[in-house]
Amino acid sequence: GVTGVYFHGGGWVFGGYNSNHGVSTHDHIAKYWSAQAGIVSVMVDYRKSPEHKYPVPLQDCLDVLRWCSDQIHQLGGDERQLFVGGDSAG
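Residues numbered from 1 in each chain as written. Predicted model: local features only at pLDDT ≥ 70, side-chain atom pairs only at ≥ 80, totals over all residues. Heavy atoms only, no water.

J.: Where do I start with the overall build of the chain in this structure?
T.: The helix and strand tally for the chain stands at 2 helices and 3 strands. Listed by position from the N terminus, the elements making up the chain come as β-α-β-α-β. Here the C-alpha radius of gyration of the chain, 13 Å, is about what a compact globule of 90 residues would show, namely 12 Å. Along the first, second and third principal axes, the C-alpha atoms of the chain reach 35 × 25 × 20 Å. For the chain, the proportion of its 90 residues judged to be buried stands at 33%. As displayed, the chain has an accessible area near 5,400 Å², and 55% of this comes from carbon and sulfur atoms. (Helix = DSSP H or I, 4+ residues; strand = E, 2+ residues; numbered from the N terminus. Rg over C-alpha atoms; globule rule 2.2 N^0.38 Å. Buried < 20%, exposed > 50% of the residue type's maximum accessible area, 1.4 Å probe, protein only. Areas by Shrake-Rupley, 256 points an atom, 1.4 Å probe, with all protein chains shown as cover.)

Take a look at the structure:
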């Protein structure tokens, strides 16, 4: 099936899984993709500044994309149907 890798926005500084006391700032996107379109959703919680300066967050995103590509069949996906999405920095 279709697999989507999502890079959240936040200028490489804000957002992600541990934001807002453990509630993802972009979790609703993954839930929508899965519920409405049957997409396997992978949300990337990259390391952020100021502790991890650019390009570290970008490298995290690329590493996850490579991992998804390598593991696509275990995720229930198809290598011909892998896409990337995001907003702002993502």
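J.: Any chance you could explain the environment of W67 here in plain terms?
T.: Relative to the assigned elements, W67 resides in helix α2 (residues 56–70). W67 sits in the partly exposed class, given a relative accessible area of 45%. Separated by 13 residues in the primary sequence, W67 and Y54 have C-alpha atoms spaced 20 Å apart.

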